[in-house]
Amino acid sequence: MYFDQTASTLPLPEILDLYLSLSKSTYANPAAIHRLGYEAEQVIKQARKDIAEVLRCRPENLLFTSCATESINTALRGVIAAHPHGGRDIITWDIEHKATLKTCAYLAQKGYNVRYLATTGDLLPDLKELRTALSRETALISISLVNNELGSHPDIAAIVKLRDSLAPQAIIHIDAVQGWTKLPFYPLQTGVDLASFSGHKIYAPKGIGLLYIRKGLRIDPLILGGGQQNGLRSGTENPVLCACLARAAQIQTKSMATNFAYVQDLHNFLVDGLNRAGLGCCPNLPAKYSPYILNVSFPGVNPETLAHALADKEIYVATHSACSSSDNRSHVLDALPIDEARKTSALRISLAPDHEKSDLTALIDALREIVPKLRVKSQDSTLQR
Ligand code: PLP
């Protein structure tokens, strides 16, 4: 039972078939001047067009990358590098993904003032604080459409509105990784400037990401070389992965509304079941959230021990972001206004359209068996100390 789709997904069978067939037919270099090269180039063109349709933007506004981490780096570093005489302030939130936080830390080293804003008691980014932070000096604002540990879903339209009235020069970047094809998000319509996406979170293979760049916005490339993709990202493009990304985006977008309703029902069922199970657990539920992610604390229980005990039963959950799993603590939970016991005992359970309620019942039953035992163990070891 796999409850870790937030970390990565199993590519859809249709996508794997496409991957195999295109790998056999479309192996030429898309920049080659012969017919096979032309055909490979056409596959990329079609993929870009298909994704533009899904995102309701123009194909020229889309840049293929290797993953969202690369998209985020290109967006933040690229836009700052292209506007050396712009403002010096960068605004983000301390619960953002490490791809954003580390890139901002890099920019801070280059002399930019990075402001890490807080999360409120309802587990949403503090927009009042944003209002006071915005100024003529604001160069960039970066925030996630859906937080990858909490599932919190901030009001992006309100952020755009604040930017428009208080710092119209500021560029807005949205890390859309955990919201793409799950919640309606159209960067052009929303009025943001940059948006990052990842293939392996939407049932496409790993190795492909995407960056939306608003028309007319200058960014400097991160990768130099042969000048592919209008010089914005050199390196031979992979037509197979581009096509897989496009197909996955089409499939998932087509069923977005039905999937959402189904997953919301699963989410309600799980929260209700956990609350009724007498586990002494505490769902960390933001006021506005994506139902695809449920973060829940089991005070008094070590979350890693719990995740391992579940894995022994072939139930796979996460403690926190897989991208920062070398750290013992979650920087996201650490930044929340919640007590220490909740911060250090949380599991992230991902929900997906292929889950059944019976899977959730099995998860709750397993937790009922494991959690009390782990609590007794942890109390014993505290007494011994
Ligand atoms: N941003 C968010 C919100 C994520 O959840 C992830 C991956 O977990 C990333 C960025 C990085 O994505 P990728 O693995 O494609 O680099």
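The following paragraphs examine the structure supplied in this document.

**Some words on the packing of aromatic side chains**
Inference 1: Applying the stated criterion across every chain yields a total of two aromatic pairs.
Inference 2: Their ring planes at 45 degrees and their centres at 6.4 Å tell us that Phe-185 and Phe-197 sit as a pair that is tilted. Remark: Phe-197 occurs in strand β6 (residues 194-198) and Phe-185 occurs in the loop between β5 (171-175) and α7 (187-190); sequence separation between them is 12 residues.
Inference 3: Judged by its relative accessible area of 0%, Phe-197 falls in the buried class.
Inference 4: Connected via pairs of aromatic rings, a cluster forms that spans Trp-180, Phe-185 and Phe-197.
Inference 5: Over the ring of Tyr-106 we find Arg-77; its NZ or CZ atom is 4.4 Å from the centre of that ring.
Inference 6: When the ring centre of Tyr-292 is taken as origin, the NZ or CZ atom of Lys-182, which lies over that ring, is 5.5 Å away.

**Some points on the sheet that holds strand β8 (residues 282-283)**
Inference 1: Taken together, three strands build an open sheet; the order of strands is β8-β9-β10 and the sheet is antiparallel. Two strands in the sheet have a free side with no partner beyond their single neighbour: β8 and β10 (346-350).
Inference 2: When strand β9 (residues 293-297) meets β10, the two strands line up antiparallel, connected through five bridges. Among the inter-strand pairings, Ile-293 is bridged to a residue of β10, identified as Ser-350.
Inference 3: Along the sheet face, helix α9 (residues 256-276) touches β8, β9 and β10 and points at about 10 degrees away from the line of β9.

Calculation notes
Residues numbered from 1 in each chain as written. Predicted model: local features only at pLDDT ≥ 70, side-chain atom pairs only at ≥ 80, totals over all residues. Heavy atoms only, no water. Phe/Tyr/Trp six-rings, centres within 6.5 Å; stacked < 30°, edge-to-face > 60°. Helix = DSSP H or I, 4+ residues; strand = E, 2+ residues; numbered from the N terminus. Buried < 20%, exposed > 50% of the residue type's maximum accessible area, 1.4 Å probe, protein only. Lys NZ or Arg CZ within 6 Å of the ring centre and 35° of its normal. Pairing = 2+ DSSP bridges. Contact = heavy atoms within 4.5 Å. Axes fitted to C-alpha atoms, helices over the stretch in contact; angles between N-to-C directions.

None of the figures reported here should be taken as evidence of function without further support.
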